[in-house]
Amino acid sequence: MEKLLELKNISKSYAGITVLDNIGVELEKGEVLCLVGENGAGKSTMIKIMAGVIAPDRGGSITVFGSSYDRLYPRQAKNLGIATIYQDIDLVDNLTVADNIFLGSELRKKNGFIDTKMQEKNSDELFRRLKISKIKGEMMLSDLSTAQKQCVQIVRALKDEAKVLILDEPTASLGEEETRILLDMVVTLAKNGIGIIYISHYIDELFKVGSRLLILKDGRMVDIKKTSETNAEEVIHAMIGRDKVSFYSRKYFPPGEGILEIRNFSQKKTVHDISFTVRQGEVFGLGGLVGAGRTELVRMIYGCDKNRYGKVVLNGKDITPENPKDAIKKGIFMIFEDRKRDGLFSLRSVKENITISTNEKKEFIDLKKETRIVGNSVKTFGIKSSGQETEVVNLSGGNQQKTLIARCVLDPGTVYIFDEPTKGVDIGAKEEIYKHMLDLAKEGKYIIIISSDMPELISISDRIGIMREGRLVDIVQAKDTTEGELMRKYLGF
Ligand SMILES: Nc1ncnc2c1ncn2[C@@H]1O[C@H](COP(=O)(O)OP(=O)(O)OP(=O)(O)O)[C@@H](O)[C@H]1O
Ligand SMILES: [Mg+2]
C-alpha cells in the first residue's frame, strides 16, 4: 500500500497543558481513517497539524509522500494535496458560491479582474461531477442551508485535486438523507484512491465508512483498530470508559395546566401557516428533512426574523417577541444551530459566556457566587477548558456547544427553544444535556427542540411535529413512533 501521510511523535501543548501526546499514525492511499474521542480529546488539533494550521511541539515529524517536515504551513499543505474541511463553516455569507469556492485562488481575466463567469462555470461543473444539483455558482451563500454550505466546503476542498481529504464532523449539520449522500461520497472518493481522515461523533457512521479507527483520550492514542475487527460498544467503552445504551430512556410525566400556543406563523416560501400547542412540561420535537423550514420557524418565534402574522400566546396572553432581546425579556430562550454566528462571544471567557444573560438583569454581581455557579455548570456538562477565564475560541467545538447550553439552562425562562442542541457533542455529554432539558420540562417549562438525529428526537420528545416543505403535516406521539415511520412522514410517503 502506498503511504500518503505519516505523523511521528507529534505532540502539542498550550501554556504547559498537553493536548496531544506523542501521536504516531499513518494514512494509506484509499483508506478512511476515523478519529474518535470525547470533546476536547484532541481530534481537531491533530488534523490542524496535518493541515499546517498549527505547529506541533518540537521533536516530531510529518511525512507527506516521502518528504519529512517539522511542521507544515497551510498553503504548503494545500499544495501537497491535503485538503481540509473544518468543524465550523468557514465561508463568507455575502459572497456567491463561486466566489467562496475560488476565494484565495481567484480565476482572473487577462486584465487582472476576477473572471466571475469562469468561476461560476467551473463551480457548476464541480457540483455536476459530484451530483449536487441544487447549488449553483451564482447563488449567494447566505441563501443556502447549512447542509448546502457544507457541500460548498467539500467542493472547494476538492477543486484542487486533493490526495488527502480531512473532514472534521462533516455531518454534524446534515439530516439523514444528506448524511447518506455525504457518506457515499466519502466511500467513492476513497475508492478513487484519496486518503481520508474522518472525524464524527456518530459511531455508526464510522462503521459505515471507516477502514480503521483511532481512539483518542485526553490527547493520547488509546487504540487503533481495523473497523472490521471491532464494534461500536468496544469503541464507546474505550472512548468514554463506560458502556452506553444508544437510546436515552427518559421518564414521561403528566403535563401541567399551562398552554403555549404557536399561532399562524408564515414566511414567504419557507413557512406556511404553522400552528401548534405545547403543554406545560412538554418537550415538543420538530422533525423533518433539513430545509423543511424548522429553523426558519423557530427563528421567527424567537423574534429574529420579520414576522407579520404569527403570534406566541402563553396561557391566553400574547407574548410574541418583537426581537430576540424582547424574547429574553418575556422568558423565551433559544439555542441556535450555528453557535459561531448566533450564540457565543468567542473572544470572551467561558465564565462570561455562561453568565452573560443572567448578569444582564442584575445590578450587582456577586463574583464569588458567579464563580461557584459557573463551576457547577462546568462540572455538570463536563466543559473541558484550562479554566473559567479561558476564551471560548480556545475550546474544542463540542465544549463550545456545552457552554452555550450551560448558559441557556441557567436562564430563568419559561419557553426554551433548542435548534440541534447536541450538534458536535460527544456521546457521553449528550446524556447530560438531555437530563437538563428534561429537568426544565419537569419544572414546568415549555420546550421546543429541533433535531436531525432521529433516535435523539424520539427519545427526548413527548410529541413530534413533522414539517415538510414549510408545512406542519402531522404530529405523532414520540413513544409510539419509530425511525422508519418518521422518515416516511418526512418524505411524505
Ligand atoms: N489555542 C488554544 N489554546 C488553549 N487550548 C486550546 C487551544 N486550542 C485547543 N485547545 C484545547 O485543546 C484540547 C483539544 O481540542 P480539540 O479541538 O482538538 O478537541 P476535539 O477532540 O476536536 O473535540 P470536539 O469533539 O469537541 O471537537 C481542548 O481541551 C481545547 O480546549
Ligand atoms: Mg473538534
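Residues numbered from 1 in each chain as written. Chains lettered and ligands numbered in written order. Predicted model: local features only at pLDDT ≥ 70, side-chain atom pairs only at ≥ 80, totals over all residues.

## Section: the site of ligand 1
The environment of ligand 1 is made up of 21 residues, and the closest members are Asn 39, Ser 44, Thr 45, Ser 396 and Gly 398. Secondary structure elements with two or more residues in the shell around ligand 1: helix 1 (43–50) and helix 14 (397–410). Among the residues forming the shell around ligand 1, the class breakdown is four nonpolar, 14 polar and three charged. Residue-level mapping places the shell around ligand 1 at the junction of two domains, with at least three residues from each of domain 1 (3–240) and domain 2 (259–491). (Near = placed C-beta within 6 Å. Helix = DSSP H or I, 4+ residues; strand = E, 2+ residues; numbered from the N terminus. Nonpolar A, V, L, I, M, F, W, Y, C, P; charged D, E, K, R; others polar. Domains from an automatic or database assignment.)

## Points about the nonpolar core
Note on soluble globular proteins: their nonpolar side chains tend to be buried together. Ranked by size, the top nonpolar core spans 130 residues in total, and within it Ile 166, Val 186, Ile 196, Ile 417 and Ile 447 carry the most contacts. A per-element tally of this core places helix 15 (residues 427–442) first, with seven residues. Two domains each provide a minimum of three residues to this core, namely domain 1 (3–240) and domain 2 (259–491). Excluding residues that lie within four positions of it along the chain, Val 186 makes contacts with Val 32, Ile 196, Tyr 198 and Val 209. (Core = buried A, V, L, I, M, F, W, Y, C linked by C-beta atoms within 7 Å. Buried ≥ 20, exposed ≤ 12 C-beta atoms within 10 Å, placed from the backbone. Contact = placed C-beta atoms within 7 Å.)

## As for the sheet that holds strand 16 (residues 332–335)
One open sheet accounts for six strands, arranged 16-17-18-13-19-20; its pairing is mixed. At either end of the open sheet lies a strand with only one pairing partner, and these are strand 16 and strand 20 (471–477). In this sheet, adjacent strand axes meet at a mean angle of 20° when their direction is disregarded. When strand 19 (residues 463–468) meets strand 20, the two strands line up antiparallel, connected through six bridges. Each bridged residue has a counterpart across the sheet, and for Arg 468 the counterpart in strand 20 is Arg 471. Its contacts with the sheet place helix 17 (residues 483–491) against strand 13 (283–287), strand 19 and strand 20, and it is angled at close to 30° to strand 19. (Pairing = 2+ DSSP bridges. Axes fitted to C-alpha atoms, helices over the stretch in contact; angles between N-to-C directions.)

## Considering the pairing of strand 13
With five of five residues buried, strand 13 is to be regarded as a mostly interior element. Relative to strand 19, strand 13 is paired through four bridges, and the arrangement is parallel. Bridge pairing links Leu 286 to Gly 465 in strand 19.

## Points about the packing of helix 13 (residues 367–381) against helix 14
At a closest axis distance of 10 Å, the pairing of helix 13 and helix 14 adopts a crossing angle of 125°. If you check the angle between helix 13 and helix 14, you find them oblique. The hand of the helix 13/helix 14 crossing is right-handed. Along the contact surface, helix 13 presents Ile 373, Ser 377 and Phe 381, while helix 14 presents Lys 402, Ile 405, Ala 406 and Leu 410. Residue composition of the contact of helix 13 with helix 14, grouped by class: five nonpolar, one polar and one charged. (Parallel < 35°, antiparallel > 145°, perpendicular 65-115°, else oblique. Left-handed = near helix turned anticlockwise from the far one by under 90°.)

## Description of the domain arrangement of the protein chain
Each assigned domain of the protein chain is listed here: domain 1 (3–240) and domain 2 (259–491). Taken residue by residue, the interface counts 22 residues in domain 1 and 22 residues in domain 2. A per-element tally of the side of domain 1 that touches domain 2 places helix 6 (residues 176–191) first, with three residues. Per-class residue counts for the side of domain 1 that touches domain 2 are seven nonpolar, nine polar and six charged.

## Re the pairing of strand 14 (residues 311–314)
Along strand 14, the buried face is formed by Val 312 and Leu 314; none of Lys 311 and Val 313, which line the opposite face, is buried. Pairing between strand 11 (residues 259–267) and strand 14: four bridges, direction antiparallel. Paired with Arg 263 across the two strands is Lys 311, which belongs to strand 14. Taken together, strand 14 and the strand that follows it, strand 15 (residues 317–318), pair antiparallel across an intervening segment of two residues, in which Asn 315 is found at a positive phi of about 45°.

## Remarks on the sheet that holds strand 1 (residues 3–14)
Sheet architecture is open: four strands sit in the order 2-1-4-5, paired in antiparallel fashion. The open sheet has two edge strands, strand 2 (17–28) and strand 5 (67–69), and neither has a second partner. Each neighbouring strand pair of the sheet contributes to a mean axis angle of 15°, computed without reference to strand direction. Bridge count between strand 1 and strand 2: eight bridges; the pairing is antiparallel. Among the inter-strand pairings, Lys 12 is bridged to a residue of strand 2, identified as Leu 20.

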